[in-house]
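Here is how the chains run, residue by residue.
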Amino acid sequence: MDGGPTIRLAKTYAAPYALRTRVALYAMRGKPSMALLPSAWLTFRADWGSMSREGARPAMERYRILPHTADGKFQAFGRTLEEAFGNAALAMASLMWDWEKVGRRVRHFIHVKAIDREQLLVKFLSEIIFLFGTKSFLLGRVEGLRIRPEFSGLSLEALLEGEVLSDAHELHGDVKAVTYHDLKIEACDGFTVQVVVDM
Amino acid sequence: MELRKIDDNTWEIPKEGEMRVPAVIYSSARLLEDIRRDQTLTQARNVACLPGIVRYSYVMPDAHQGYGFPIGGVAAFGLDEGIISPGGVGYDINCGVRLLKTDYDESEVTAKRKELLAEIFREVPAGVGKGGVTKLSRSVLKEVLVRGAEWAVENGYGRAEDLERTEERGRMAEAEADGISERALERGIPQLGTLGAGNHFLEIQKVLEIYDETAARTFGLHAAGQVLVMIHCGSRGLGHQVATDYIEAMENAFGVAGLPDRELVHAPFMSPEGQRYYRSMCAAVNYAFANRQMIAHWVRDVFARVLGSAKGMDQVYDVCHNVAKVEEHEDGGRSRRLVVHRKGATRSFGPGRPEVPARYRSVGQPVIIPGSMGTASFLLAGTKEAEGLSFGSTAHGAGRVMSRHEALRRFRGEKIRDDMARRGIELKSTSWKGVAEEASEAYKDVDEVVRVSDQVGLGRLVAKVVPIGVMKG
């Protein structure tokens, strides 16, 4: 996987991966459609990035924006494939807005199916572009991302939290589409995914 | 990779391995340095491996690395044995350029250019996440998809004669809305009549130099100093979604095994998937034609309001830069119908072709090649030779040489604005960061691109124009 100079780093202090919390239905207050979901879908992973910076935990790099002539390219990291996918979503969001400044007022539950991991990643990230384009939704956080094998491929579900675009937010880029160009998913010391988006 | 020099501006990658045809690159030695730096040539070679490819996999002088096909790539495939690929068109289907002329001279506009630009900025929605002013129903959107600019003219946007001066008369007849997903429709509804962001722009320009008097006069350009308006945008989120949807549909139908690059996923042109993509792509092309038609109408409104009249603001032409079309071309001494993919390339049909509007048929079609933000743009005329050289195609612009992030690191939007102001160019944008990313230094030298085009015979130089006011999305 090619590296290249780091242009921007997003650092975070992640909670232990093993910390899983089964969130009860109260988390879904006011979202009747979600209350109908099987409880197995409501398995949430602990908040990434919610730990205080004073903590002694080692810094974990979420993603790295890489130089690319015409478009946006990034690598995202995670101890699991799910975590790497979640960080890829934040990396892509960072090309358009400052996700760290986005609150958690709006939630969208998403569920995508794909023939393989690569298509799953493309479809997952495309979902964020779609929500931005149609609902002016700015992603601020990815919760409870789960990837599961299906009869003919894979499925992914996640809760996307964020806000509706307002004058308070600054946009600085337009991602048109997620491409397969140079797309890589590698398992080595956790997971690294690499994506090029069309801007 | 072996690259054989044919002449000063022509290079060839000989057929090897799985290539079905050789690849031909039209480029000067100087532009080739940039082209060699990224994956453009590998991508041109990959295209040469696709089933049913005819003659050559072509690379235009402004080429740079794309997804699957290079940007600046042209390839044609037989209808029966060939394929169609969303990667050969690109995500921004019918990203293109429209040029309007005016009867105003620079001297009549200079004092008012700030006001003109401010009014256009108010009238034409632009920027990331910016929706349009038109609230469409699904059924009206479907009508737009099928009828393109025709729909816009019928609904009061612009003039009937604009249609004759638009590629395909502003409507690809093969378009069907049935294959457009709900998601694409949803993205398309709020964005009709918007400029968008990224490299999209709207410029008030003046003619700097005329190289070909006859062609210039035929196109409506009469002297240096004449004011023009150039609109560069595409099919917005709708087109991006159509591309995304059909890449997935083709992957699911045909699998991805054996593809050198998944962006090269394709379907036989005559297969149900191929036909559905083609008809949906045509619908997205129509959406973009309608989009530019509406924006042109608003620009005329502003000119009428600010300067008193929009008389003489005729459309010169409107060209597609990202498209696949069925066209008649010579192949081995006989004429046959081919599906020509132009990705970041402009059709450049010469005199006599029936597709060229009657009023331009004696000189060839107008070919509009925009430069980067704040630099010169060019008007060329299509040539007869180009049909043999590149299925009647030429370059589409400057082409990036520097990443957006590198540009952001090096340039400041506000400083670019000040520099441009010193050169007499007014700039308005929704984002200074966006301006920095589009700094002209991040692009190839468009003068060199059109020089090669002219020398090779892909397009004949007609006029050079420069901006006096720039609106960036």
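Residues numbered from 1 in each chain as written. Chains lettered and ligands numbered in written order. Predicted model: local features only at pLDDT ≥ 70, side-chain atom pairs only at ≥ 80, totals over all residues.

Quick notes on the overall build of chain A
Assigned secondary structure in chain A consists of three helices and eleven strands. Reading chain A from its N end, one meets helices and strands in the order β-β-α-β-β-β-α-β-α-β-β-β-β-β. A buried classification covers 43% of the 199 residues belonging to chain A. Taking the intrachain contacts of chain A between residues at least 6 apart in sequence as the baseline, contacts between residues at least 24 apart amount to 69%. (Helix = DSSP H or I, 4+ residues; strand = E, 2+ residues; numbered from the N terminus. Buried ≥ 20, exposed ≤ 12 C-beta atoms within 10 Å, placed from the backbone. Contact = placed C-beta atoms within 7 Å.)

Structural notes on the overall build of chain B
In terms of regular secondary structure, chain B is built from 16 helices and 19 strands. Relative to a compact globule of 473 residues, whose C-alpha radius of gyration would be 23 Å, chain B shows 21 Å and is just as compact. Taken along the three principal axes of its C-alpha coordinates, chain B extends 60 × 50 × 50 Å. By the burial criterion, 63% of the 473 residues in chain B qualify as buried. Counting only contacts in chain B whose residues sit at least 6 apart along the sequence, the fraction spanning at least 24 positions is 77%. (Rg over C-alpha atoms; globule rule 2.2 N^0.38 Å.)

Re helix H2 (residues 40–47) of chain B
Residues and elements named next belong to chain B. The buried count for H2 comes to seven of eight residues, which makes it a mostly enclosed element. Among all positions of H2, only Thr-40, Leu-41, Gln-43, Ala-44, Arg-45, Asn-46 and Val-47 are buried. Buried residues along H2 sit against strand S2 (10–13), strand S3 (23–26), helix H1 (29–37), strand S4 (53–64) and strand S5 (71–78).

Examining the interface of chain B and chain A
Contacts between the two partners involve 34 residues from chain B and, on the opposite side, 28 residues from chain A. Mapped onto the side of chain B that touches chain A, the elements with two or more residues apiece are helix H8 (182–188), helix H10 (236–254), helix H13 (404–410) and helix H15 (432–437) of chain B. For the side of chain B that touches chain A, the element with the most residues is H10(B), which contributes seven residues. A per-class count over the side of chain B that touches chain A returns seven nonpolar, 13 polar and 14 charged. (Nonpolar A, V, L, I, M, F, W, Y, C, P; charged D, E, K, R; others polar.)

Here we look at the packing of helix H5 (residues 138–147) of chain B against helix H11 (residues 272–307) of chain B
Residues and elements named next belong to chain B. In contact at an axis separation of 6 Å, H5 and H11 are set at 100° when each is read in the N-to-C sense. Considering the angle they form, H5 stands roughly perpendicular to H11. Contacts from Val-144, Leu-145, Val-146 and Arg-147 in H5 reach Ala-283, Asn-286, Tyr-287 and Ala-290 in H11. For the contact of H5 with H11, the class distribution of residues is six nonpolar, one polar and one charged. (Axes fitted to C-alpha atoms, helices over the stretch in contact; angles between N-to-C directions. Parallel < 35°, antiparallel > 145°, perpendicular 65-115°, else oblique.)

Notes on the pairing of strand S5 (residues 72–78) of chain A
Looking down a regular strand, the side chains alternate between one sheet face and the other. All names here are of chain A. Burial of S5 is extensive: six of the seven residues sit out of reach of the surface. Across four bridges, strand S4 (residues 60–66) lies against S5 in antiparallel orientation. Opposite Arg-64, over in S5, you have Gln-75 as the bridge partner. Alignment of S5 against strand S11 (residues 191–198), held across seven bridges, turns out to be antiparallel. Note that in S11 the partner of Phe-77 across the bridge is Thr-192. (Pairing = 2+ DSSP bridges.)

Section: the sheet that holds strand S6 (residues 106–114) of chain A
All names here are of chain A. Sheet architecture is open: three strands sit in the order S6-S8-S7, paired in antiparallel fashion. Two strands in the sheet have a free side with no partner beyond their single neighbour: S6 and strand S7 (137–150). Adjacent strand axes in the sheet meet at a mean angle of 15° when their direction is disregarded. The pairing of S6 with strand S8 (residues 153–164) spans nine bridges and is antiparallel. The partner of Ile-110 across the bridge, within S8, is Ala-158. Strands S6, S7 and S8 of the sheet are contacted by helix H3 (residues 117–135), whose axis makes an angle of about 145° with S6.

Quick look at the sheet that holds S2(B)
Strands pair in a sheet through their backbones, by hydrogen bonds, and they do so in one of two ways: parallel or antiparallel. Residues and elements named next belong to chain B. Taken in spatial order, the seven strands of this open sheet run S1-S2-S3-S4-S5-S13-S12, and their pairing is mixed. Edge positions in the open sheet fall to strand S1 (4–7) and strand S12 (322–331), since each of these has one partner strand only. With strand direction ignored, the average angle separating the axes of adjacent strands in the sheet is 25°. In the sheet, S1 pairs with S2 via three bridges, with the strands oriented antiparallel.

A short note on the environment of B:Thr394
All names here are of chain B. With respect to the helices and strands, the residue Thr-394 is situated in strand S17 (residues 393–394). Along the primary structure Thr-394 and Gly-73 are separated by 321 residues, whereas in three dimensions their C-alpha atoms are 9.6 Å apart. For Thr-394, the residues in contact, after removing those within four places along its chain, are Met-60, Ala-345, Thr-346, Ser-348, Val-367, Leu-380, Ala-386, Ser-453, Leu-458 and Gly-459.

Focus on the environment of B:Val452
Residues and elements named next belong to chain B. Topologically, Val-452 is positioned in helix H16 (residues 446–456). Separated by 193 residues in sequence, Val-452 and Leu-259 have C-alpha atoms that sit 33 Å apart. Excluding residues within four positions of it along the chain, Val-452 makes contact with Asn-9, Tyr-26, Ser-27, Ser-28, Leu-31 and Pro-61.

Digging into the confidence of the model for chain A
On average, residues of chain A score 77 in pLDDT, and 69% of them reach the 70 mark or higher. The low-confidence segment residues 1–58 of chain A (pLDDT under 50) makes 64 contacts with residues lying over four places distant or belonging to another chain. (pLDDT = per-residue confidence, 0-100.)

Considering the packing of helix H2 (residues 81–94) of chain A against H3(A)
All names here are of chain A. Between H2 and H3, the shortest axis-to-axis distance is 10 Å and the interhelical angle comes to 45°. In terms of orientation, H2 and H3 fall into the oblique class. Regarding H2 and H3, the two cross each other, and that crossing is right-handed. Counted together, Phe-85, Ala-88, Ala-89, Met-92 and Ala-93 of H2 and Leu-121, Phe-124, Leu-125 and Ile-128 of H3 form the full contact between these two elements. Classifying every residue of the contact of H2 with H3 by side-chain character gives nine nonpolar, no polar and no charged. (Left-handed = near helix turned anticlockwise from the far one by under 90°.)

What to know about H1(B)
All names here are of chain B. The set of residues buried in H1 consists of Leu-31, Leu-32, Asp-34 and Ile-35. What you see down the axis of H1 is that its buried residues fit within an arc of 160°, all on one side. When the buried face of H1 is taken as reference, the exposed residues oriented beyond 90 degrees from it are Ala-29, Arg-30, Glu-33 and Arg-37. Where the residues of H1 are buried, they touch S2, S3, H2, S4 and H16. (Arc of directions from axis to C-beta.)

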